[in-house]
Amino acid sequence: MTIAFTFPGQGSQSVGMGKVLADTYPEAKAVFDEVDEALGQKLSQVMWDGPEDALTLTANAQPALMAVSLATMRVLESRGFDLATGATYVAGHSLGEYSALAAAGSLDVATAARLLRVRGDAMQNAVPVGQGAMAALLGLDFDVVVEVAAAAAQGEVCQAANDNAPGQVVVSGHVAAVERAIEIAKAKGARRALLLPVSAPFHCALMAPAADKMAEALASAEVRSPVVPLVANVVAGPITAPDEIRGRLVEQVTGTVRWRESITWLAENGVDTFVEIGTGKVLTGMVKRIHKEATGLAVNTPEDIDALLEKTSG
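The structure contained in this document is the topic of the report that follows. The shown structure was predicted, so the numbers you read here are calculated from the model rather than taken from an experiment.

Burial runs high along helix H7 (residues 96–103): eight of the eight residues are buried. The first or second residue beyond H7 is Gly105, which carries a positive phi of 80°.

Set out below in structure tokens:
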């Protein structure tokens, strides 16, 4: 069994996430306290009590999702799991790269929380509300979606933002261009093409102001080499050097999340078991669509933690 740990991105959040972990394990509670202190905000209260619209705000959802992933990791570590010997790679979907890097010792939890707060604010503020949009185009190959986006742009921005799984690609850009992409995709035989309920057009050129802010924030952040390589979104391959990590995290703000290619690379390089650490099972579902022979495990609850430890101890 060769394991990669994966870490979810925005959209996996839900009110109440992490509460059982915090109530069950002091190590998990300590992570939530550390994130609250780093941000100067009782983010954990928003996570556990809502309201949902406050948790969904990009600036809250991003550090909150990281907090749950890292709380889960701390529990695993307290019970003897060592990422350096228990996994071969880490990968994260968009903001999940920060969780992956914190899990692998490249970033400390407080630094990751502060960077994600900057990132969330910067991404939200990069484009005035109502000017950008994202849409899921289902049933078309990635190369076809790239052509659709190019045809839809017509002088505006429209890009393939997320290559999540075969036949599951998201485009991002100006509202009118994204709406044109939906119509072109339907004409090309898309099974479904629909606008997504997001607050900004992530992972496209419109996010350039946010990328500039992240370059500034990352330049002054301590980044260490991770204990196992990160398979990075923008290159769909492994990286370990701190300066490259900084650069790829900046590129990721405007670049395509190459998740399908990342999982394919991992599978082709010996990984047969993908363990999703944090909230939800979105990445586990994607893994099964990308690589049907893979084993996918989502670790959310104390029972999931016990099951993973039992599986890896043998």
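Here Ala135 lies in strand E3 (residues 132–138). Between the C-alpha atom of Ala135 and that of Glu222, which follows or precedes it by 87 residues, the distance is 35 Å. In this structure Ala135 touches Val169, Val170, Val171, Val178, Ile182, Leu194, Leu195 and Leu196, once residues within four positions along its chain are discounted.

Further remarks concern the side chain of Arg117. Tracing the chain through its elements places Arg117 in helix H8 (residues 109–125). Despite its burial, Arg117 pairs with no opposite charge, the nearest such side chain being Asp121 at 4.7 Å. A distance of 2.6 Å separates the side chain of Arg117 from the side chain of Gln41, its partner in a polar contact. A polar atom in the side chain of Arg117 sits 2.9 Å from the backbone oxygen of Ala59. Each residue touching Arg117, except ones within four places of it in the same chain, is listed here: Leu39, Gln41, Ala59, Asn60 and Pro63.

This part is about the pattern of salt bridges. In the structure shown here, the tally under the stated rule is 13 salt bridges. Here Asp23 ties to Lys19 by a salt bridge, and the two come within 2.8 Å at their closest N and O atoms. Residue Asp23 and its partner Lys19 are located together in helix H1 (residues 19–24), separated by four residues, close to a single helical turn. Since its relative accessible area comes to 54%, Asp23 is described here as exposed.

Trp259, Ser262, Ile263, Leu266 and Ala267 are the residues of helix H13 (residues 259–268) that are buried. Projected down its long axis, H13 shows its buried positions confined to an angular sector of 135°, all on one face. Directly after H13, the chain includes Gly270, whose backbone phi takes a positive value near 100°.

Before going further, it helps to spend a moment on the pairing of strand E5 (residues 168–174). By the criterion of burial, E5 is predominantly enclosed, with six of the seven residues buried. Judged from the six bridges that link them, strand E4 (residues 158–165) and E5 form a sheet pairing that is antiparallel. By the bridge assignment for E5, Gln159 is matched with Ser172. Count of turn residues in the E4/E5 antiparallel hairpin: two residues, of which Gly167 carries a positive phi of about 75°.

For the rest of this paragraph, the subject is the sheet that holds E5. Strand order in the open sheet formed by four strands is E4-E5-E3-E6, and the pairing between neighbours is antiparallel. With partners counted over all chains shown, the strands left at the sheet margins are E4 and strand E6 (192–195), one partner each. Adjacent strand axes in the sheet meet at a mean angle of 20°, parallel and antiparallel pairs treated alike. As paired strands, E3 and E5 are joined by seven bridges and run antiparallel to one another. Looking across to E5, one finds that Gly132 is bridged to His174. Each of E3, E4 and E5 touches helix H9 (residues 142–153); the most contacted strand, E4, lies at about 160° to it.

Below, the discussion takes up unusual backbone geometry. Residue Gly50 is joined to Pro51 through a cis peptide bond whose omega torsion reads 5°. For Pro51, the position within the fold is in the loop between helix H3 (43–49) and helix H4 (52–56). The phi dihedral of His203 falls on the positive side, at around 55°, and the residue is not glycine. With respect to the helices and strands, His203 occurs in the loop between E6 and helix H11 (208–219). The backbone phi angle of Ala236 is positive, close to 50°, even though this residue is not glycine. Relative to the elements of secondary structure, Ala236 occurs in the loop between strand E7 (230–232) and strand E8 (237–239).

How each quantity is defined
Residues numbered from 1 in each chain as written. Predicted model: local features only at pLDDT ≥ 70, side-chain atom pairs only at ≥ 80, totals over all residues. Heavy atoms only, no water. Buried < 20%, exposed > 50% of the residue type's maximum accessible area, 1.4 Å probe, protein only. Helix = DSSP H or I, 4+ residues; strand = E, 2+ residues; numbered from the N terminus. Contact = heavy atoms within 4.5 Å. Lys, Arg positive; Asp, Glu negative; His and termini not counted. Salt bridge = Lys/Arg side-chain N within 4 Å of Asp/Glu carboxyl O. Polar contact = N/O pair within 3.5 Å; in protein donor to acceptor, adjacent residues only side chain to side chain. Arc of directions from axis to C-beta. Pairing = 2+ DSSP bridges. Axes fitted to C-alpha atoms, helices over the stretch in contact; angles between N-to-C directions.

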